[in-house]
Amino acid sequence: MTLSTLLAAAAMAGWVDAVVGGGGLLLLPALLVAAPGLPVATALGTNKLAAIFGTSTAAVTYARRTTVDWRVAGPAAGLAVLSAGVGAVLAGAVPASAYRPVVLVVLVAVAVFVLLRPRMGVVAVPARRTPVRVGVVVAVAGVGIALYDGLIGPGTGTFLVLAFTAVVGADFVHGSAMAKVVNAGTNLGALVVFGVTGHVWWLLGAGMAVCNIAGSVLGARMALRRGSGFVRVVLLVVVAALVVKLGHDQWVA
């Protein structure tokens with residue numbers, strides 16, 4: 001795989017991440033194919049270097065063009081930095097076989113849930129934003145999902161969007177906006193750990209970061225322009241792709 005292919009994968013990953021999350025589904029396999037024998041931790045660290053610029057750019061783009069509920073996104077992002085750092089410390093210690101079946105079941109349940117509830121995320125439900133639900137989603141996003149992102153990562157942004165729509169009733173556009181803020185926090189926490197432990201290819205990651213930023217700006221603007229219905233369709237496509245990828249890794253690879 002050539003450098004140009006990696007850069008193209010980084011741009012596409014930025015677009016997917018900005019719309020609904022799941023860019024790691026593209027970029028991590030691309031890194032592992034491009035460098036056979038590359039330690040998974042190094043692939044994760046290099047991916048985080050590219051992704052943090054993309055998610056931060058997308059977060060700024062959303063914040064400038066729509067409303068971000070900082071009462072939810074702020075605390076979740078703060079917790080996410082710490083939790084993702086812990087996950088990164090544990091990366092490699094937990095075998096993929098231990099979490100793949102669980103993630104697969106969750107993803108299939110997510111797909112069925114979204115399909116059976118076509119209005120979820122298309123229209124906001126402010127009544128759901130109670131103090132208890134806000135506390136629950138901050139814990140789920142800032143601790144549970146962030147820990148997963150530090151450990152392995154693919155699908156983190158998708159899980160965050162779903163958490164904000166299902167738990168506190170955000171529509172998909174505003175849920176994606178909050179997800180980008182938290183995802184920037186998870187990327188930062190993991191990147192610090194991977195960087196300190198020498199698991200980042202800085203030059204390659206910097207090049208991919210430029211392309212990731214370009215894809216992120218395009219994706220965020222497209223999501224804002226086309227609305228929640230568009231984000232819902234992309235969400236279902238990404239979830240289906242994640243199921244296929246993880247299923248292949250579990251039973252075929």
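From a predicted model like this one, the values you see are computed outputs, not experimental measurements.

Asker: Looking at this structure, I do not really get empty space enclosed by the protein. What am I missing?
Answerer: All chains considered together, the criterion is met by 1 cavity of 30 Å³ or more. Here the largest cavity is characterised by a volume of approximately 120 Å³. The wall of the largest cavity is formed by 18 residues, among which Asp17, Gly24, Lys48, Asp149 and Gly153 lie closest to the centre. Of all elements in the fold, only α2 (24–34), α3 (40–65), α7 (156–168) and α8 (172–196) reach the threshold of two or more residues within the lining of the largest cavity.

Asker: Explain a nonpolar patch on the surface to me, please; I cannot follow it from the model alone.
Answerer: Among the surface-exposed residues, Val86, Val89, Leu90 and Leu147 lie close enough to one another that they form a single nonpolar patch of about 310 Å² accessible area. For the nonpolar patch, the element with the highest residue contribution is helix α4 (residues 70–90), accounting for 3 residues. Turning to its location among the elements, Leu147 is positioned in helix α6 (residues 131–151).

Asker: I tried to follow the nonpolar core on my own but got confused; where do I start?
Answerer: Note on soluble globular proteins: their nonpolar side chains tend to be buried together. Counting residues in each nonpolar core, the largest one holds 83 residues, and the members touching the most others are Val19, Val137, Phe164, Phe194 and Met208. Counting residues per element, this core draws most heavily on α8, at 11 residues. When sequence neighbours within four positions are dropped, the list of residues in contact with Val137 reads Val72, Gly142, Ala163, Phe164, Val167 and Val168.

Asker: How should I be thinking about the packing of aromatic side chains in this particular structure?
Answerer: All told, the structure shown has 2 aromatic pairs when counted by the stated rule. Taking the centre distance of 6.2 Å and the plane angle of 80° together, the rings of Trp15 and Phe230 count as edge-to-face. Here Trp15 is found in helix α1 (residues 3–19), whereas its partner Phe230 is found in helix α10 (residues 228–251), with 215 residues between them in sequence. Just as Trp15 is buried, Phe230 falls in that class too.

Conventions and cut-offs
- Residues numbered from 1 in each chain as written.
- Predicted model: local features only at pLDDT ≥ 70, side-chain atom pairs only at ≥ 80, totals over all residues.
- Heavy atoms only, no water.
- 1 Å grid on protein atoms, 1.4 Å probe; cavity = no way out; pocket = protein on both sides within 12 Å on 5 of 7 lines; lining within 4 Å.
- Points joined across faces, edges and corners; volume = space filled by probe spheres on them.
- Helix = DSSP H or I, 4+ residues; strand = E, 2+ residues; numbered from the N terminus.
- Patch = residues over 30% accessible without salt bridge, like charges linked within 9 Å, V, L, I, M, F, W, Y side chains within 5 Å.
- Areas by Shrake-Rupley, 256 points an atom, 1.4 Å probe, with all protein chains shown as cover.
- Salt bridge = Lys/Arg side-chain N within 4 Å of Asp/Glu carboxyl O.
- Core = buried A, V, L, I, M, F, W, Y, C linked by side-chain atoms within 4.5 Å.
- Buried < 20%, exposed > 50% of the residue type's maximum accessible area, 1.4 Å probe, protein only.
- Contact = heavy atoms within 4.5 Å.
- Phe/Tyr/Trp six-rings, centres within 6.5 Å; stacked < 30°, edge-to-face > 60°.

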